[in-house]
Structure formats: C-alpha cells, structure tokens
Amino acid sequence: MMKASNIALSVLIIALLTSMVGVNTALEKVYSEIDLTDKLRSYTVLEFSEFKVLKISGSNGYPIDIKQSESAEIRVLRSRVSHFEHRTSGDTLIIHFSGARVSHSALPNTTTPAGLIISSDNLSALILTNTHNRISGLDQAALSLTLAGEAYTELSDNRLGMLRVQASGGSSFEFRNENMADTALLTLKHKSVGFLDGLSYHELQPVIEDSALVVLSKNALNEFVKK
Amino acid sequence: MSWTSVQLLVDRQFKEHARLYYISLLLLAGLLSFMFLLIHNWRDSFSGAVENGVFLIGLFLSGGLFTNSMFKEFSNKPEGIWLLNIPAGSFEKLLSAVLLSAVAFLAVYLGVFFLIDGLYLSFSDQERGVFEIFQNGFHEFIYLYLIFNGLILLGRVTFIKHSFLKTMVLIIAGVILLNLFNNAMLEYMIPDLNVTSSMPFNSFQFRHLGENIHVLLPSSARASFMPVLWVLLPVALWGITWLKIKEKEI
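Quick notes on the rules
- Residues numbered from 1 in each chain as written.
- Chains lettered and ligands numbered in written order.
- Predicted model: local features only at pLDDT ≥ 70, side-chain atom pairs only at ≥ 80, totals over all residues.
- Heavy atoms only, no water.
- Helix = DSSP H or I, 4+ residues; strand = E, 2+ residues; numbered from the N terminus.
- Rg over C-alpha atoms; globule rule 2.2 N^0.38 Å.
- Buried < 20%, exposed > 50% of the residue type's maximum accessible area, 1.4 Å probe, protein only.
- Areas by Shrake-Rupley, 256 points an atom, 1.4 Å probe, with all protein chains shown as cover.
- Lys, Arg positive; Asp, Glu negative; His and termini not counted.
- Charge placed at Lys NZ, Arg CZ, Asp CG, Glu CD.
- Contact = heavy atoms within 4.5 Å.
- Salt bridge = Lys/Arg side-chain N within 4 Å of Asp/Glu carboxyl O.
- Buried area = accessible area lost by both parts, 1.4 Å probe.
- Polar contact = N/O pair within 3.5 Å; in protein donor to acceptor, adjacent residues only side chain to side chain.
- Expected span 1.5 Å × (residues − 1).
- Arc of directions from axis to C-beta.
- Phe/Tyr/Trp six-rings, centres within 6.5 Å; stacked < 30°, edge-to-face > 60°.
- Pairing = 2+ DSSP bridges.
- Axes fitted to C-alpha atoms, helices over the stretch in contact; angles between N-to-C directions.
- Core = buried A, V, L, I, M, F, W, Y, C linked by side-chain atoms within 4.5 Å.
- Parallel < 35°, antiparallel > 145°, perpendicular 65-115°, else oblique.
- Left-handed = near helix turned anticlockwise from the far one by under 90°.
- Nonpolar A, V, L, I, M, F, W, Y, C, P; charged D, E, K, R; others polar.

1. Here's the deal with the overall build of chain A
Piece 1. Along the backbone of chain A there are 2 helices and 17 strands.
Piece 2. At 23 Å, chain A has a C-alpha radius of gyration far larger than the 17 Å of a compact globule built from 227 residues.
Piece 3. Over its C-alpha atoms, taken along the principal directions, chain A stretches across nearly 95 × 35 × 35 Å.
Piece 4. With 227 residues in all, chain A has 43% of them scored as buried.
Piece 5. As displayed, chain A offers around 11200 Å² of accessible surface, 52% of which is attributable to carbon and sulfur atoms.
Piece 6. For chain A, the distance from the average position of its 21 positive side-chain charges to the average position of its 24 negative side-chain charges is 6 Å.

Shown next, in the form of structure tokens:
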C-alpha cells in the first residue's frame, strides 16, 4: 500500500501541474493581446494622468527615452513592467523606474533597449535622479532640466528657446548630434560634468561650482570665446 | 503539540552542535568577505547588482548545508533509533528543525550579510548604498529559500546516505524538467510560438522577427497567485517531511 507521504507528494505534484496549466492559460491571454505587427511590440502602453513636469528616479540599467510627440504616451518594456511605479502630484508625473545599476563608463553607446519611452507634447521640466536618459527631438520654447545623483543624460536633435540645466551630485549630461538653444543657462555643482560639443547657442551662461567640469572641444571653445 | 518539547529539541540541537555552528558562522562570514573581495577585484568586469548574486550564493549554499545538518542522525542507524525514541512527537521534531534551519538561519544570515556588506561599503568607494532586500521584489528569493528548505529537509529524511547530493541532483533535474515541460505546454497551447525562456508560474519570453518579447502574468493575477504559492508550497513540503518522519522505520 502506498504510504501517506507518497500520496501527499503525488497530490502536490498534480496540484502544481494543474496550477501551471492555469497560469499558462492566463499567459496565453496576455500573448493574444500583443500586436505582433507593431514595431514597439516589446513595449506595453501604460495609463497615466496629464503632466507638464516629469520627475524620474530609479536606476540606470535601462535607458529612458524622452521625445516629442503630438500625443502623450508612456511605453514600458514588457520585461520591466514590474519595475515601474508612478503617481501624479498636480501637473507632475512622478516615476520610479528601478533595476540594476550599471557603471557610468558603460552607459554611452549602450545596446540595451530603452526600458521606458515617454512621449509628450507639453513638457516644461524634467527632474532626473540616478537614471540614464535620452532626450531627443524636442522642439519647444523652454525646457528646464534638473539632474541629480548619478543621472546620465544624452540630448540629441533638440531645438529649444531657453534651456536651463541644473546638474548636481555625480550627474552628467552630453549634447549629441545637433542641439540648438537660443539661451542656455547651465549650472553645474558638486562633481557633475557637462559635455557641450553638440550644442549651438546664441547665448551661453555657465555657472560652475565645486568640482564640476565642463568639457569642450577646440571648436566649441573657440565658438564660446568668440561670443 | 508542546512548545516545551520544541524548545528542548532546539536546545539539544544547538548544544550538541554549538562548536560546529560557531565555526560555520565564521566560515560564512569568511565566504561572504571572499566573494565581496572577488567582485571588488573584478568590479570593472561585472555590471549590475553583483551583491545580489553574492547574497543568493551565500544564502542557498550555506542554507542548504545547514538545513541538511538537521536530522543527520537518520544517516546512522543507532543514532536514528535514538532520535526516533526521543520523547517528542514527529511534528515537534519537524517544527524544531524548521525553526532552526528556516527562521533562525535566515535571521543569522541576514545579520551576517548586512554586517559584511556594511564593512565592504565602508572600506571601498562604492557608488551604491546599503543592500536593499526589498528593491525590485528581490525579497521573493526569501520565499524561494523556504521552498528550498522544505525540499532539503524532505531529502534529508528520505535518503539515508548522501542525502544532500541526491536531493540537489533531484532539485536540478526537477527544475530542468519543469522548465522543459512548461515550454512544451506553452508551445502546445500557442501555435507557432518559439519560446526562448520561461519561468514557470510567472512569465515566458518568445522570439519574433529576431526580437525577444517578454510575456508576464498580469500584476493582479500575480498578486493573488504568487503569495499562495510562496506560502502553500513550503508548508506542503514541511507537511510531507512530517509524514516521512512519522513513517520512519529503521
């Protein structure tokens, strides 16, 4: 006769396999909702309230793309959904996007896909802490960018009237490709670093404190001296 | 059930092996320090939260060995008879083993890990702060440890000789088989699906036009299902271990 422990073990195994069928049925339903013809099929669209200010904190394992679009949208990489938390306070959308930390030296030219893609047509300020951010294609009158912690931000192909950047802690920012700002007000504190090569401007007002660094190529330096 | 019996059994286990436990504690601290030194030396080669890996290796390695030291009398006939004849019920014997190998071990392990991690942080120039166990759901590995604890205890009372090795082989084989079965089931349920990886009871990833796409259980379903699994599975394994002790014949 079969011992009670062996019967219990068999019942447990059967229960586990049955629940596996249940879970896989739920997964099949999620799968059937994915539009495989969509270019961004690896991402899921999230619901949120309207915002003008974005406040993002978390980690730098997955880059965060911020771009201009006619309609606001937030997409998160399906594998990172459980790492995304958000809430709204007034016109500020507060996001925490957690994950692994990556060494600063590994961030430029990373091949890791964006963990978050945020599109907005009405963004006035960004407050970014410890995250890896890629801001591109913004065409607007003004933008305020506050960087803290170990935030690393790449800006490319933006056209801005007034750009205000406040970097502190160990944060850094880098202009890539062609960025244009009528007036650029740059305040760098603590150990922050700013790479200004890809920025064209009519007026540049840098304020550099503590051990902060501004990095300029020869051409960028000549342009700054000329103005 | 008598709590006095459980307390006496815990006291007996601790007093009989006190010297071994103190040495093991030093060994654990040494092992964790060594792993932190390793990741520090090769810090440019590792990216991400490597301290999480250190935590898991330490937890499952030391926890597995310590759990396997429970009921070790069963691997020796005279000692096994003596253990069975101790005037306490099977449930009390099991409970004392669970209290020591799951509850007390976790408390000691967490204390030692945070101490070594704190010392490492104070002597190195790390960008990160103190190890955060509740970040990104990492604490779920604690529940996984409880399941692992149940499996090791069950193996301990099932196999007379080389129980740890046999149990580990079965756990590894079980995990591989479960994964293969889960992948096969998903590919059967969803036609033309090319599953590249899956985590049973949680998610899977498939390949489409050269791209890996992740499918995760909806958060509401996960929130209601996972706690049941985390609680019921270790309890069921401890229950079966209890039945095995009751049925024990030497």
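2. Observations concerning the overall build of chain B
Piece 1. Scanning chain B for helices and strands turns up 8 helices and 3 strands.
Piece 2. In chain B, the succession of α and β elements from N to C terminus is α-α-α-α-α-α-α-β-β-β-α.
Piece 3. Across its three principal directions, the C-alpha atoms of chain B cover 65 × 50 × 30 Å.
Piece 4. The buried share among the 250 residues of chain B stands at 46%.
Piece 5. Sequence separation of 24 or more characterises 63% of the internal contacts of chain B that already satisfy a separation of 6 or more.
Piece 6. About 13300 Å² of surface is accessible on chain B, with carbon and sulfur atoms providing 68% of the total.

3. Considering the pattern of salt bridges
All names here are of chain A.
Piece 1. Per the stated rule, a full pass over the model turns up 10 salt bridges over all chains.
Piece 2. For D65, the salt bridge identified is with R134, shortest N-O distance 2.7 Å. Here R134 lies in strand β9 (residues 132-136) and D65 lies in strand β3 (residues 64-68), a separation of 69 residues in the sequence.
Piece 3. A single network of salt bridges, built from pairs that share partners, joins D38, E73 and R75.

4. Focus on unusual backbone geometry
Piece 1. In this model, H190 of chain A sits at a positive phi of 55°, which is unusual for a non-glycine residue.
Piece 2. Here H190 of chain A lies in the loop between β14 (179-188) and β15 (193-195).
Piece 3. Classification of H190 of chain A as partly exposed rests on a relative accessible area of 41%.
Piece 4. One non-glycine residue with positive phi stands out, namely F201 of chain B, at about 70°.
Piece 5. Classification of F201 of chain B as buried rests on a relative accessible area of 8%.

5. Re the interface of chain B and chain A
Piece 1. In this assembly, 41 residues from chain B lie in contact with 34 residues from chain A.
Piece 2. Together chain B and chain A conceal approximately 3400 Å² of surface at their shared face, both sides included; 70% is due to carbon and sulfur atoms.
Piece 3. It is N136, M189 and F201 of chain B that lose the most area in chain B upon contact with chain A, and together they represent 16% of the buried surface on that side.
Piece 4. The tally of links between chain B and chain A comes to 1 salt bridge.
Piece 5. The salt bridge partner of E211 of chain B is R41 of chain A, with a shortest N-O separation of 2.9 Å.
Piece 6. Counting every contact that joins chain B to chain A gives 6 residue pairs in polar contact (both at pLDDT 80 or more).

6. Description of the side chain of S120 of chain A
All names here are of chain A.
Piece 1. Summarising the element assignment, S120 is placed in strand β7 (residues 116-120).
Piece 2. Note on S120: relative accessible area 4%, which makes it buried.
Piece 3. Polar side-chain contacts of S120 include one of 3.1 Å to the backbone nitrogen of N122.

7. What to know about helix α1 (residues 3-16) of chain B
All names here are of chain B.
Piece 1. Taking 1.5 Å as the rise per residue, α1 with 14 residues should run 20 Å; its terminal C-alpha atoms sit 20 Å apart, in good agreement.
Piece 2. By the burial criterion, the buried members of α1 are S5, V6, L9, R12 and Q13. The buried residues of α1 occupy an angular sector of 125° when the element is viewed end-on, so they sit on one face. Exposed residues lying more than 90 degrees from the buried face of α1 are W3, T4, Q7, L8 and K15.
Piece 3. Buried residues along α1 sit in contact with α2 (18-41), α4 (77-85) and α5 (90-123).
Piece 4. Capping the start of α1 is the job of one residue whose side-chain oxygen sits 3.3 Å from the backbone nitrogen of T4: S2.

8. Looking at the packing of aromatic side chains
Residue and element names in this part refer to chain B.
Piece 1. Summed over all chains, the structure comprises 30 aromatic pairs over all chains.
Piece 2. Ring centres of F105 and Y109 lie 5.8 Å apart, and the angle between their planes is 25°; on these two criteria the pair is classed as stacked. In this pair, F105 and Y109 both sit in helix α5, 4 residues apart, roughly one turn of the helix. Judged on exposure class, the residue F105 and its partner Y109 are both buried.

9. Describing the sheet that holds strand β10 (residues 139-148) of chain A
Residue and element names in this part refer to chain A.
Piece 1. The strand order across the open sheet formed by 8 strands is β5-β6-β2-β8-β10-β12-β14-β16, and the pairing between neighbours is mixed. Unpaired on one side and paired on the other, β5 (84-89) and β16 (199-208) mark the two borders of the sheet. If you compare each strand with its neighbour and ignore which way they point, the axes differ by 15° on average.
Piece 2. Here β14 pairs with β16 via 9 bridges, running parallel. Paired with T187 across the strands is V207, a residue of β16.

10. Let's talk about the nonpolar core
Piece 1. Formed by 45 residues in total, the largest nonpolar core has its most connected members in L32, F55, M70, F71, Y109 and F113 of chain B.
Piece 2. Residue assignment for this core shows that the elements contributing at least two residues are α2, α3 (50-68), α5, α6 (140-158), α7 (163-189) and α8 (219-247) of chain B.
Piece 3. Considering each element in turn, this core owes the most residues, 12 residues, to α5 of chain B.
Piece 4. Formed by 39 residues, the second largest nonpolar core is a distinct cluster that contains L93, L155, A184 and L186 of chain A.

11. Focus: the packing of helix α1 (residues 4-32) of chain A against α8 of chain B
Piece 1. Packing of α1 of chain A against α8 of chain B brings their axes to within 9 Å, and their N-to-C directions diverge by 165°. The angle between the axes of α1 of chain A and α8 of chain B places the two elements in the roughly antiparallel class. Here α1 of chain A runs over α8 of chain B; the crossing is left-handed. Across from A4, S5, N6, A8, L9, L12, L16, S19 and V23 of chain A in α1 of chain A, the residues of α8 of chain B making contact are F225, L229, L233, A236, L237, I240, L243, K244 and E247 of chain B.
Piece 2. In terms of residue class, the contact of α1 of chain A with α8 of chain B is built from 13 nonpolar, 3 polar and 2 charged.

Read these as spatial facts, not as claims about activity.
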